[in-house]
Amino acid sequence: MSRIIFLIDLDSFYAQCEQNRNPSLKGKPLVICMYSGRTETSGAVATANYEARALGIRSAMPIFLAKKKATPETVFLPADGEHYSQISEQAMQVFARHADVLEQVSIDEAYLDVSKKTNESFKKAEELAKQIKKELKQELNLTCSIGISSNKLVAKIAASFKKPDGLTIVKPEEIRTFLNPLKVEKLHGVGEVTTKKLNELGVQTVQQLSKFPVHQLIEVFGENKGKLLHNMSLGIDDSPVEETKEKQQFNTIGTLKADSNSFEEISPQLKDFARKLIDRVHEKNIFFKTVSIILISNKLETLTRSKTLEKETNELNVLLKTSEELLKEFFKQNPEMKLRRFGLRVSNFVEQKKQKSLFEFGN
DNA sequence: CCCTCGATCAC
DNA sequence: CCTCATATCGAGGG
């Protein structure tokens, strides 16, 4: 029962979208930015196209730093999320036509289980991947990178192996050889902190990780992550490609005009965010039980405070009152703490209670 | 098993 | 002086 899994990644997606609606941008370094609105250049890079990456500009980089690296012809544009979402939906529809199961993991990435469609043949899988690339180019003028293997873990790494417009196939018998020489940080879920800890244990490569005693990994990283690291090092990942599921939380966060420890100064933003979240709650016809405030200090520490309600709700007033209380209580405990950013979250969603029909009532 | 909160990851 | 949104884990306390 071997599977064939694709991970498809749309290349520097936001930049491609912008270049398609304004072809004069083609060939130039292009940087798509999330501006925080505090100063002219405060914010971060969302996407840099390959010409901009050649200048050393990377996503998540502060905009002012990107500007230092930019050449005169470099173009900076604000992100237009609405537009990218629309294009993303169309791309996902192309993928869906060719998948047994489609799991969208972000605006520009999706896993496809194509085991049945390809009759478990990697030869057919390669043809299918080329067909998807062709349709994506013809219909939306987009390029993508595709990784193919027998599980999600390896498909994901394979997709990053050659970019942009790449296609990398790793058959089951090639997995160990493919993974062994890679640095541990190539594994999904191994970021800066985990890499540092592993390096301190003398583990740099996936091969070294595979030889490291699993019980010791569990001691250092806990039950779940320890086992996960061990399995990943062996190329083992049985997690299924699952139809994209409903979100379990909504949050929205923004940067304050100036650092503040005043409830009154933050209140307007709180109200604005509460309305935004309630709109989404109503759209999806759901109820939430937990309200959180998200606080980021001027020292960039993240704090959260939350309250779980007695009863689920979808009311603006309840959200407002609860989050206001949380924020007031926070400042009472931490009067000196200046906040740079502030946000709200609703979570712990409950299925909407349907009215029992009269018919059901009697039974 | 539930709640709270911080940490980590990665888009 | 560094965006925004989501999921998952673990510890600590019920």
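A brief report on the enclosed structure follows. Please read these numbers as outputs of a predicted model, since none were measured by experiment.

### Details of the pairing of strand 5 (residues 101-106)
Phase 1: As paired strands, strand 5 and strand 6 (residues 109-113) are joined by five bridges and run antiparallel to one another. From the neighbouring strand, Gln 104 faces strand 6, where its bridge partner is Ala 110.
Phase 2: From the end of strand 5 to the start of strand 6, which pair antiparallel, there are two residues.

### Details of the sheet that holds strand 10 (residues 287-297)
Phase 1: Spatially, the four strands line up as an open sheet ordered 9-12-10-11, and their pairing is antiparallel. Of all strands in the sheet, those with a lone pairing partner are strand 9 (249-260) and strand 11 (302-313), marking the two edges. Going across the sheet, the axis of each strand differs from the next one's by a mean of 15 degrees, ignoring polarity.
Phase 2: Sheet topology places strand 10 next to strand 12 (residues 339-350); 10 bridges connect them, and they run antiparallel. Bridging across to strand 12, Ile 294 finds its partner in Gly 343.
Phase 3: Strand contacts of helix 12 (residues 263-284): strand 9, strand 10 and strand 12, with the helix running at about 165 degrees to strand 9, the strand carrying the most contacts.
Phase 4: In the packing of helix 13 (residues 316-333) onto the sheet, contacts are made with strand 9, strand 10, strand 11 and strand 12, and the angle to strand 10 comes to roughly 35 degrees.

### Considering the protein's contact with DNA strand C
Phase 1: Taken together, 23 residues sit near DNA strand C, with Asn 224, Lys 247, Ile 253, Arg 340 and Arg 341 positioned nearest.
Phase 2: Here a phosphate oxygen of DNA strand C and a backbone polar atom of Gln 248 are 3.3 Å apart.
Phase 3: The separation between a phosphate oxygen of DNA strand C and a polar side-chain atom of Arg 341 is 2.7 Å.
Phase 4: Top contributing element to the surface near DNA strand C by residue count: strand 9, with seven residues.

### A look at the sheet that holds strand 5
Phase 1: Judged by pairing direction, the sheet is mixed, and its five strands sit side by side in the order 5-6-1-7-8 without closing on themselves. Edge positions in the sheet fall to strand 5 and strand 8 (167-169), since each has one partner strand and no second. Looking at each pair of strands side by side, their axes are set apart by 15 degrees on average, direction ignored.
Phase 2: Contacting strand 1 (5-10), strand 5 and strand 6, helix 4 (residues 81-97) runs over the sheet at an angle of about 150 degrees to strand 5.
Phase 3: Packing of helix 6 (residues 152-161) onto the sheet brings it into contact with strand 1, strand 5, strand 6, strand 7 (144-149) and strand 8, and relative to strand 7 it is tilted by some 140 degrees.

### Notes on the nonpolar core
Phase 1: Residues Phe 6, Phe 95, Leu 112 and Leu 136 are the most contacted members of the largest nonpolar core, which totals 34 residues.
Phase 2: Sorting elements by how many residues they give to this core places helix 5 (residues 122-140) first, with seven residues.
Phase 3: Counting residues in each nonpolar core, the second largest holds 28 residues, with Leu 303, Phe 331, Leu 339 and Phe 342 among its members.

### Regarding the pairing of strand 7
Phase 1: Within strand 7, six of the six residues are buried, which leaves it mostly tucked inside the rest of the structure.
Phase 2: Burial of the side chains of strand 7 extends over both faces: Cys 144, Ile 146 and Ile 148 are buried on one face and Ser 145, Gly 147 and Ser 149 on the other.
Phase 3: Across six bridges, strand 1 lies against strand 7 in antiparallel orientation. Its bridge partner lying in strand 7, Leu 10 is registered against Cys 144.
Phase 4: Bridge count for strand 7 against strand 8 is three bridges, and the pairing is parallel. Its bridge partner lying in strand 8, Ile 146 is registered against Leu 167.
Phase 5: Taking the sense of rotation as the criterion, the β-α-β connection linking strand 7, helix 6 and strand 8 turns out left-handed.

Quick notes on the rules
Residues numbered from 1 in each chain as written. Chains lettered and ligands numbered in written order. Predicted model: local features only at pLDDT ≥ 70, side-chain atom pairs only at ≥ 80, totals over all residues. Heavy atoms only, no water. Pairing = 2+ DSSP bridges. Helix = DSSP H or I, 4+ residues; strand = E, 2+ residues; numbered from the N terminus. Axes fitted to C-alpha atoms, helices over the stretch in contact; angles between N-to-C directions. Contact = heavy atoms within 4.5 Å. Near = heavy atom within 4 Å. Polar contact = N/O pair within 3.5 Å; in protein donor to acceptor, adjacent residues only side chain to side chain. Core = buried A, V, L, I, M, F, W, Y, C linked by side-chain atoms within 4.5 Å. Buried < 20%, exposed > 50% of the residue type's maximum accessible area, 1.4 Å probe, protein only. Right-handed = clockwise from strand over helix to strand, strands pointing away.

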